[in-house]
Protein chains: 2
Amino acid sequence: MLSNHLQNGIETARLVWSRLPNSDDEALDEVGLSKKSDGSRSESLDYEVIENNAYREEQAQRGKLMVGYYVGVKWFFALLIGIGTGLAAVFINISVENFAGWKFQLTFSIIQKSYVAGFLVYILFNLLLVFSSVYIVTQFAPAAAGSGIPEIKGYLNGVDTHGILLFRTLIGKIFGSIGSVGGGLALGKEGPLVHTGACIASLLGQGGSTKYHLSSRWLQVFKTDRDRRDLVTCGCAAGVAAAFRAPVGGVLFALEEVTSWWRSQLMWRVFFTSAVVAVVVRTAMGWCKSGKCGHFGSGGFIIWDISDGQEDYSFEELLPMAIIGVIGGLLGALFNQLTLYITYWRRNYLHKKGSRVKMIEVCLVSLITSVISFGLPLLRKCSPCPEVELNSSIECPRPPGMYGNYVNFYCGKDKEYNDLATIFFNTQDDAIRNLFSAKTIHEYSAQSLLTFLVMFYSLAVVTFGTAVPAGQFVPGIMIGSTYGRLVGMFVVNFYKKLNIEEGTYALLGAASFLGGSMRMTVSLCVIMVEITNNLKLLPLIMLVLLISKAVGDAFNEGLYEEQARLRGIPLLESRPKYQMRKMTAKEACGNKKVVYFPRVVKVADVVSILQSNEHNGFPVIDHTRNGESLVIGLMLRSHLLVLLQSKVDFQHSPLPSDPRGGGKPIRQVEIKGISIDDIHLSSDDLEMYIDLAPFLNPSPYVVPEDMSLSKVYNLFRQLGLRHILVVPRASRVIGLITRKDLLIEDNENSETVELQSTSVRSL
Amino acid sequence: MLSNHLQNGIETARLVWSRLPNSDDEALDEVGLSKKSDGSRSESLDYEVIENNAYREEQAQRGKLMVGYYVGVKWFFALLIGIGTGLAAVFINISVENFAGWKFQLTFSIIQKSYVAGFLVYILFNLLLVFSSVYIVTQFAPAAAGSGIPEIKGYLNGVDTHGILLFRTLIGKIFGSIGSVGGGLALGKEGPLVHTGACIASLLGQGGSTKYHLSSRWLQVFKTDRDRRDLVTCGCAAGVAAAFRAPVGGVLFALEEVTSWWRSQLMWRVFFTSAVVAVVVRTAMGWCKSGKCGHFGSGGFIIWDISDGQEDYSFEELLPMAIIGVIGGLLGALFNQLTLYITYWRRNYLHKKGSRVKMIEVCLVSLITSVISFGLPLLRKCSPCPEVELNSSIECPRPPGMYGNYVNFYCGKDKEYNDLATIFFNTQDDAIRNLFSAKTIHEYSAQSLLTFLVMFYSLAVVTFGTAVPAGQFVPGIMIGSTYGRLVGMFVVNFYKKLNIEEGTYALLGAASFLGGSMRMTVSLCVIMVEITNNLKLLPLIMLVLLISKAVGDAFNEGLYEEQARLRGIPLLESRPKYQMRKMTAKEACGNKKVVYFPRVVKVADVVSILQSNEHNGFPVIDHTRNGESLVIGLMLRSHLLVLLQSKVDFQHSPLPSDPRGGGKPIRQVEIKGISIDDIHLSSDDLEMYIDLAPFLNPSPYVVPEDMSLSKVYNLFRQLGLRHILVVPRASRVIGLITRKDLLIEDNENSETVELQSTSVRSL
């Protein structure tokens with residue numbers, strides 16, 4: 001049925017296509033993805049055209065070697081990502097804790113003499129740090145603002161945001177978050193660390209940053225988007241693993257929250273990366289324990305250990321815990337909604353006025369934060385210390401200069417402490433430790449907790465979306481543990497007999513707020529367990545998360561989804577929309593005209609077609625000898641651009657080139673986000689032709705025109721495609737593939753298979 | 001291009017198809033899966049044919065209600081699965097621990113007088129329990145033998161094994177595993193519990209067992225395989241969560257090990273099920289703590305708590321830990337290989353001789369096990385108790401009748417213990433607790449551990465594959481912790497200064513053996529942490545697992561994959577085979593002839609075609625007015641059988657029925673694994689015709705004939721398909737679907753979309 005000539009052409013195309021350097025299983029399977037649609041990232045496309053005769057064996061040999069090398073490099077990169085992210089996390093942590101430590105040490109020593117001077121020093125110290133952060137971000141790395149998680153999520157879903165994975169973003173993120181977190185703003189360093197991990201992974205995948213001459217040719221093995229996405233997934237997991245010292249949580253975060261296409265092979269590699277991070281962080285912390293890292297090193301591998309918390313729970317406690325879940329859902333949904341409005345306003349009005357406004361804004365926020373966190377505790381009356389229990393390791397008031405509960409701040413007597421200062425005038429990590437702490441019943445008054453909750457919630461909402469690197473995990477834990485502890489206090493008062501720890505309720509509150517805002521389940525659960533080292537509370541955390549997520553889902557989407565949508569990142573959700581069920585594939589195409597190429601096309605036509613539209617994929621259509629038309633494949637814009645730029649494959653004849661013709665040299669062409677306007681062709685060039693057959697993707701995914709759109713959606717999303725061709729219904733069926741046909745044994749000789757298949761009978 | 005008449009037909013087909021009761025998004029998307037291929041399970045197929053005029057609004061209304069009800073029932077079922085599996089697990093645990101408790105109590109009280117009499121009682125007690133187990137399994141529920149995990153894995157991969165999810169299998173599994181575990185065989189109850197959870201889920205999904213009149217019409221909402229698979233996935237997670245009291249481990253086990261098609265929506269529900277299990281088990285255990293459950297109730301929610309184990313590790317310890325990983329990989333791979341040979345031999349020779357042989361075999365194994373576990377400790381010389389440390393809660397020898405270390409068995413003096421009896425003459429749970437125990441350095445001699453390792457390994461290999469319910473987790477932990485502790489002993493001797501706990505090495509050993517045999521990573525890691533409550537060892541467990549899995553993978557496949565293959569369960573692996581890259585879809589179809597139906601087909605033809613082959617899907621081909629043929633869909637064998645049985649849709653005319661014709665009544669037909677031979681048709685019936693258009697799946701997935709087979713494989717596996725039609729290349733492209741086309745906003749009016757799509761321009 002096919003003309004011989006065309007058959008040859010397709011055959012060649014298939015072979016040549018499979019000879020691209022990326023032509024291992026995965027790359028071939030995901031060829032629809034092999035180029036980014038917007039071309040904004042610097043990318044290189046290598047392709048080769050080689051003589052067709054007798055290269056099969058050689059290629060098979062080289063292919064196997066290549067695959068081995070490729071797999072080796074993959075694992076080596078996973079190792080490097082782990083080490084890099086681990087070190088970055090350690091660096092950030094050391095810096096932040098030292099800056100914050102100096103700040104509080106200095107302030108505390110000054111307020112022994114004058115509260116006004118201490119106040120000023122405190123404000124200035126914060127302002128300086130925050131200003132350095134916003135300066136770096138606005139002047140040097142604008143993409144480093146925010147948490148970066150929505151963007152990474154978008155990237156892994158298939159949408160590339162400009163500049164999100166550059167070297168300068170990495171640097172901006174690291175130093176920016178040191179400034180913003182050290183400066184005491186109501187934000188965390190965990191989200192930025194995820195972004196940092198992703199940046200490190202992506203830069204490794206590119207073989208270093210070409211712009212800063214850190215590139216290495218040797219490492220440029222990963223050309224497909226799929227490989228890069230895999231690396232970035234590893235990077236995300238590494239980021240979480242490093243930020244929370246929660247390796248399993250990192251794997252699950254990558255799995256549940258960020259990736260869109262997950263393969264079980266990848267899990268194994270992500271797991272390895274997380275393990276490496278754990279070892280690196282642990283080693284660094286062991287080294288710091290001896291006091292070489294200044295203020296850093298007090299904590300162990302588990303950040304907020306509450307393993308000495310509540311052992312058991314009684315049935316009556318489930319009700320207050322459910323209430324915590326509901327509160328978390330409500331406050332979380334409200335947080336998402338408020339930040340959405342504010343971010344919308346910022347994007348559309350405030351931040352359009354330039355970076356000076358951004359800087360002023362952040363400095364103002366810093367000023368307000370400093371005033372509140374220093375000023376409010378001043379207004380609070382100190383409480384007398386509780387009577388010292390035996391065996392209690394908690395001192396009241398805490399010894400000067402150390403971290404701990406019962407901060408003596410603006411108190412008249414020695415044996416007094418200021419409960420608001422204990423949580424407010426402290427680093428967030430220490431405040432959380434104080435809120436989670438067991439054996440400290442009635443340390444905080446309800447009034448202080450409520451004040452703190454309202455104030456900190458407002459600060460977190462206002463701070464979100466400013467031009468500094470900002471994570472929402474730690475603020476979320478702060479907010480949640482405050483109302484959790486508040487509920488715990490009521491429970492302690494109400495059920496008097498039970499052995500209830502307020503710190504346990506604080507932990508549940510933290511889980512509920514994060515669940516209500518970010519809507520994660522399994523990964524959050526594991527992260528909460530890993531950071532608090534209390535497995536006994538696992539069922540309770542699960543329960544609270546289930547409730548808070550369900551309540552939150554009734555109001556709006558998760559924080560990252562909301563933000564991604566606001567930033568114009570079109571995430572494909574895992575579930576098709578309801579109305580898609582009633583639509584067909586044809587309807588989804590709308591009334592766009594399909595622009596297609598013939599097999600052999602004039603260069604001038606290519607140029608004019610590429611200029612006239614912005615499509616990224618073009619079907620290629622050929623005609624058989626008896627005049628029937630036939631779709632022979634899909635040509636990508638990026639590949640066309642390479643062809644146009646290299647000019648080597650131009651030919652004078654408008655006839656298909658003989659695929660068995662003279663051997664063309666192997667070569668590599670690199671394109672970096674070029675557009676059609678960057679390519680200059682002489683008028684002679686324009687008169688020539690290109691035979692597209694060797695370069696196209698010969699078997700793009702196709703769907704019949706009347707397939708239900710929800711079915712198409714699943715196909716698209718499950719396989720991570722970029723283009724699906726909608727074609728008419730087939731006129732005949734050549735065969736039916738079932739499970740049995742796909743069960744080819746390894747030991748079966750592939751030649752037998754080929755011999756069998758020569759006698760295919762069709763209908 | 002399409003004739004009007006045909007267009008109508010297809011349109012109707014699409015509408016009617018989407019009106020099947022299962023026609024929510026998921027069911028429609030997965031319609032290729034809606035019937036099992038072997039039809040061996042009892043299934044019901046509901047379908048309706050309704051008048052076509054003006055039912056759209058009504059249907060939309062009903063559809064929404066139906067979807068709400070459907071989602072509600074889904075969650076309700078998740079709750080029920082959690083409660084059911086939790087209760088089943090508690091029941092099994094209470095029974096096993098009580099039987100084992102009575103047995104040891106009785107034996108210990110008798111051996112105070114006579115070791116011979118005690119020996120005989122011990123043997124008889126074990127024999128009785130094991131015989132009851134094998135009797136139940138062979139006579140009543142043959143599918144309950146083994147762990148069931150390979151079969152469940154196969155089921156979730158799309159292969160239905162006969163009888164695996166029946167009510168009698170559930171009963172056989174529960175009572176069988178009580179007998180086999182209580183009887184002291186070298187097997188565990190954890191694998192069977194996973195199977196139990198899956199059975200409970202599947203029975204719920206069927207609305208109870210119809211055979212035993214426990215069915216409820218009201219709950220029969222889940223008709224598609226997809227829903228059933230989702231339920232079974234929940235059941236698996238619940239099983240693991242209940243077996244190990246590890247809810248997060250359960251979710252991850254279901255995710256990593258058993259499911260083939262995972263959706264993030266499902267994760268959420270699986271998580272809920274696990275949480276329910278955790279609460280149920282915990283509540284039951286709280287109730288048992290007061291002593292109402294006999295010997296059960298000593299353990300807490302964490303099975304083998306070693307949170308007081310090693311706090312930290314030094315760099316030098318990484319080498320012995322890596323060695324443990326390597327040993328685990330080697331022994332695990334050897335275990336897989338040996339069990340593979342033995343199971344092969346059993347299946348092909350021994351078990352073909354009938355159930356009497358099976359019973360004798362199991363009884364023999366029980367006899368050998370009893371003799372070894374009682375006899376070997378007798379030969380072992382007792383050791384003197386170590387000097388009592390202060391604050392040590394471990395007594396030596398342990399008080400009579402209790403569980404604990406330092407068993408006094410056949411010892412001359414009072415202050416002596418028998419180290420072999422401590423691990424051998426004990427329930428496996430207690431033996432593991434003793435092996436994991438901290439602060440018991442040098443409790444075991446290397447000789448005893450080696451003896452135990454060799455003996456128990458051999459017993460585990462021999463026991464595997466006998467006709468009793470048998471899990472491999474606990475034996476694996478036993479084996480692993482033995483050599484782990486052995487390595488730990490050498491480390492303690494070698495690095496004398498370090499604070500090393502042998503119990504920690506035992507834990508790592510257990511992880512390594514399971515990793516080397518089952519090749520799980522993340523889920524196993526989480527399970528190990530959850531059952532031992534020691535988060536600090538997480539990085540070490542990860543490291544050991546990575547090594548042991550890598551070593552094991554060098555030799556063979558994982559235990560479950562090997563067993564599944566042996567049992568003829570064709571699992572589709574996540575990665576296509578290498579040679580598939582070079583094959584096309586057409587080649588995969590082989591030289592099988594495609595059997596197809598015309599749109600209107602004579603009943604006699606349907607019968608003869610169904611009798612002449614065993615295909616489960618048939619393309620339906622129609623002709624347009626100008627004589628072109630056109631594939632209009634895929635008809636499933638099971639649907640054809642329903643049509644033949646009901647006879648309502650037979651028509652006299654060989655012309656397509658007018659889709660707008662008279663309203664046919666709504667009705668439900670139930671088929672239970674009928675085959676074509678069960679249907680009796682009169683000769684009049686055979687002369688009539690059926691119009692297949694309203695009943696077929698109008699848009700099966702299609703691939704062009706020359707698509708690379710590895711691409712087809714991914715499509716097949718990612719979407720969980722049963723049939724893919726291989727068709728010729730398309731002649732034209734109607735449209736191109738990209739990400740943008742799939743981003744339909746919720747608030748967009750669907751009518752606008754339909755208006756737009758009326759003006760589709762094609763090429």
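Going by an unreviewed UniProt entry, chain A carries the name Chloride channel protein and comes from Vitis rotundifolia. Here chain A is described in UniProt, under the heading Subcellular location (unreviewed entry), as follows: "Membrane". Per UniProt, chain A has the following entry under Sequence similarities (unreviewed entry): "Belongs to the chloride channel (TC 2.A.49) family."

Chemist: Just to check I follow, could you spell out the relation of the copies chain B and chain A for this structure?
Modeler: Relating one copy of the chain to the other takes a rotation about an axis and a shift parallel to that axis. Turning chain B through 180° and shifting it by 0.1 Å along the axis lays it on chain A, with an RMSD of 0.2 Å. One copy is carried onto the other by what is essentially a two-fold rotation axis. The overlap is high: 99% of the interface residues of chain B also sit at the interface in chain A, so the same surface is used on both sides.

Chemist: Sorry if this is basic, but what is going on with the confidence of the model for chain A here?
Modeler: Low-pLDDT portions of the prediction should not be read for the details of their coordinates. Residues and elements named next belong to chain A. The predicted model of chain A has a mean per-residue pLDDT of 79, with 81% of residues at 70 or higher. Within chain A, strand E1 (residues 45–47) has the poorest average pLDDT of any element, 30, and helix H11 (residues 318–348) the best, 94. Residue range residues 1–55 is modelled with pLDDT below 50. Its contacts to residues more than four positions away, or to other chains, number 177 contacts. Confidence drops under pLDDT 50 across residues 212–216; counting only partners more than four residues distant or on other chains, this segment forms 12 contacts.

Chemist: Please clarify how the sheet that holds strand E13 (residues 735–737) of chain B should be interpreted in this entry.
Modeler: Two strands in a sheet stick together by hydrogen bonds in their backbones, pointing the same way (parallel) or opposite ways (antiparallel). Taken in spatial order, the 3 strands of this open sheet run E11(A)-E12(A)-E13(B), and their pairing is mixed. Two strands bound the open sheet, and with one partner strand each, they are strand E11 (702–704) of chain A together with E13 of chain B. Adjacent strand axes in the sheet meet at a mean angle of 35° when their direction is disregarded. Judged from the 3 bridges that link them, strand E12 (residues 724–727) of chain A and E13(B) form a sheet pairing that is antiparallel. Each residue of the ladder has a partner; that of Val726(A), found in E13(B), is Gly735(B).

Chemist: Could you clarify how one ought to interpret the pairing of strand E7 (residues 629–636) of chain B in this entry?
Modeler: On any regular strand, side chains alternate: one points to one face of the sheet, the next to the other face. Residue and element names in this part refer to chain B. With 7 of 8 residues buried, E7 is to be regarded as a mostly interior element. Where strand E6 (residues 617–623) lies against E7, 7 bridges are found, and the strand directions are antiparallel. Note on E7: the bridge partner recorded for Pro-619 is Leu-634. Hairpin connection between E6 and E7: a loop of 5 residues separates the two successive antiparallel strands, and Gly-627 in this loop has a positive phi of roughly 85°.

Chemist: In this structure, what is going on with the UniProt feature "transmembrane region" (unreviewed entry) in chain A? I would like to understand it.
Modeler: Residues and elements named next belong to chain A. UniProt records the feature "transmembrane region" (unreviewed entry) at residues 75–96, 116–137, 231–254, 266–285, 318–339, 449–467, 473–495 and 507–531, using the numbering of this structure. Helix makes up 100% of residues 266–285 and strand 0%. Its end C-alpha atoms lie 29 Å apart. The span residues 449–467 is 79% helix and 0% strand, and its two end C-alpha atoms sit 29 Å from each other.

Chemist: Looking at this structure, I do not really get the pairing of E12(A). What am I missing?
Modeler: All names here are of chain A. The alternating pattern of E12 places Ile-724 and Val-726 and Leu-725 and Val-727 on opposite faces, both of which are buried. Pairing analysis gives 3 bridges linking E11 to E12, with the strands arranged parallel. The residue bridging Val-702 from the neighbouring strand is Leu-725, located in E12.

Chemist: What exactly am I supposed to notice about the environment of Ile110(B) here?
Modeler: All names here are of chain B. With respect to the helices, strands and loops of the structure, Ile-110 is situated in helix H3 (residues 56–111). Between the C-alpha atom of Ile-110 and that of Val-121, which follows or precedes it by 11 residues, the distance is 8.5 Å. Apart from the residues within four sequence positions on either side, Ile-110 is in contact with Ala-117, Gly-118 and Val-121.

Chemist: Explain the interface of chain B and chain A here, please?
Modeler: A common way to express how large an interface is: the accessible area buried when the components associate. Chain B puts 142 residues into the contact, and the matching count from chain A is 142 residues. For the pairing of chain B and chain A, the buried interface totals around 13700 Å² over both sides, and the portion due to carbon and sulfur atoms is 64%. Interface area lost by chain B to chain A is led by Arg729(B), Ile737(B) and Arg739(B), which between them contribute 6%. At the boundary of chain B and chain A, one finds 0 salt bridges. The interface formed by chain B and chain A includes 17 residue pairs in polar contact (both at pLDDT 80 or more). The biggest single contributor to the side of chain B that touches chain A is helix H10 (residues 264–292) of chain B, with 11 residues. The residue inventory of the side of chain B that touches chain A, partitioned by class, reads 75 nonpolar, 30 polar and 37 charged.

Chemist: Would you mind showing me how to read a nonpolar patch on the surface here?
Modeler: Residue and element names in this part refer to chain A. Together, Ile-360, Leu-364, Leu-367, Ile-368 and Val-371 make up an exposed nonpolar region whose accessible area comes to about 410 Å². Assignment of secondary structure puts Ile-368 in helix H12 (residues 355–379). When its relative accessible area of 42% is taken as the criterion, Ile-368 is described as partly exposed.

Chemist: I keep staring at the pattern of salt bridges and nothing clicks. Help me out?
Modeler: Think of it this way: side chains of opposite charge can pair up when their charged atoms draw near. Residue and element names in this part refer to chain A. Evaluation of the coordinates by the stated rule reveals 34 salt bridges over all chains. When the shortest N-O distance is used, the salt bridge between Asp-230 and Arg-269 registers 3.6 Å. One end of the pair, Asp-230, is in helix H8 (residues 225–244); the other, Arg-269, is in helix H10 (residues 264–292), and 39 residues separate them in sequence. The residue Arg-565 makes a salt bridge to Glu-557 at a minimum N-O spacing of 2.9 Å.

Chemist: Before we go on, may I ask you to explain unusual backbone geometry in this structure?
Modeler: It is generally the case that most residues other than glycine have a negative phi and that most peptide bonds are trans. Of note in this structure, Arg245(A) is not a glycine but carries a positive phi near 50°. As for its position among the elements, Arg245(A) is in the loop between H8 and helix H9 (247–258).

Chemist: Would you mind showing me how to read the sheet that holds strand E4 (residues 597–598) of chain B here?
Modeler: Residues and elements named next belong to chain B. In space, the 3 strands of this open sheet follow the order E4-E6-E7, with mixed pairing throughout. The strands lining the two open edges of the sheet, one partner per strand, are E4 and E7. Packing of helix H23 (residues 637–646) onto the sheet brings it into contact with E4, E6 and E7, and relative to E7 it is tilted by some 80°.

Chemist: What should I look at first to understand the state of the cysteines in this one?
Modeler: Throughout this description, disulfide means a covalent bond between two cysteine sulfur atoms. All names here are of chain A. This model, assessed by the stated rule, comprises 2 disulfides over all chains. Shown here is the disulfide that connects Cys-382 with Cys-411, its sulfur atoms set 1.9 Å apart. In this structure, the disulfide formed by Cys-382 and Cys-411 twists by about -80° around the S-S bond and is classed as left-handed. Highlighted residues: Cys-382 in the loop between H12 and strand E2 (383–384) and Cys-411 in the loop between E2 and strand E3 (416–417), separated in sequence by 29 residues. Its relative accessible area of 12% is what places Cys-382 among the buried residues. No disulfide involves Cys-199; its sulfur sits 9.8 Å from the nearest other cysteine sulfur, which is in Cys-236.

Chemist: How should I be thinking about the packing of aromatic side chains in this particular structure?
Modeler: Think of a pair of aromatic rings as described by two things: how far the centres are apart, and how the planes are tilted against each other in angle. According to the stated counting rule, one finds 54 aromatic pairs over all chains in the structure shown. Aromatic side chains Phe104(A) and Tyr122(A) sit 6.0 Å apart centroid to centroid with 45° between the ring planes, which places their arrangement in the tilted category. Note that Phe104(A) is positioned in helix H3 (residues 56–111) and Tyr122(A) in helix H4 (residues 115–139), a separation of 18 residues in sequence. An identical accessibility class is assigned to Phe104(A) and Tyr122(A); each is buried. Taking the centre distance of 5.3 Å and the plane angle of 85° together, the rings of Phe374(B) and Phe425(B) count as edge-to-face. One end of the pair, Phe374(B), is in helix H12 (residues 355–379); the other, Phe425(B), is in the loop between helix H13 (419–424) and helix H14 (428–436), and 51 residues separate them in sequence. Since its relative accessible area comes to 1%, Phe374(B) is described here as buried.

Chemist: How do you make sense of the nonpolar core when you look at a structure like this?
Modeler: A general tendency of soluble globular proteins is for nonpolar side chains to be buried together. One finds Ile541(A) and Ile541(B) to be the most contacted residues of the largest nonpolar core, which totals 285 residues. With near-sequence residues (within four places) excluded, Ile541(A) lies in contact with Leu507(A), Leu508(A), Ala511(A), Cys525(A), Met528(A) and Val529(A). Counting residues in hydrophobic clusters, the runner-up holds 42 residues, among them Ala588(A), Leu742(A), Ala588(B) and Ile734(B).

The rules behind each value
Residues numbered from 1 in each chain as written. Chains lettered and ligands numbered in written order. Predicted model: local features only at pLDDT ≥ 70, side-chain atom pairs only at ≥ 80, totals over all residues. Heavy atoms only, no water. UniProt positions renumbered as here; feature names shortened; annotations may be inferred. Least-squares fit on C-alpha atoms with pLDDT ≥ 70 in both. Contact = heavy atoms within 4.5 Å. pLDDT = per-residue confidence, 0-100. Helix = DSSP H or I, 4+ residues; strand = E, 2+ residues; numbered from the N terminus. Pairing = 2+ DSSP bridges. Axes fitted to C-alpha atoms, helices over the stretch in contact; angles between N-to-C directions. Buried < 20%, exposed > 50% of the residue type's maximum accessible area, 1.4 Å probe, protein only. Buried area = accessible area lost by both parts, 1.4 Å probe. Salt bridge = Lys/Arg side-chain N within 4 Å of Asp/Glu carboxyl O. Polar contact = N/O pair within 3.5 Å; in protein donor to acceptor, adjacent residues only side chain to side chain. Nonpolar A, V, L, I, M, F, W, Y, C, P; charged D, E, K, R; others polar. Patch = residues over 30% accessible without salt bridge, like charges linked within 9 Å, V, L, I, M, F, W, Y side chains within 5 Å. Areas by Shrake-Rupley, 256 points an atom, 1.4 Å probe, with all protein chains shown as cover. Disulfide = S-S within 2.5 Å. Phe/Tyr/Trp six-rings, centres within 6.5 Å; stacked < 30°, edge-to-face > 60°. Core = buried A, V, L, I, M, F, W, Y, C linked by side-chain atoms within 4.5 Å.

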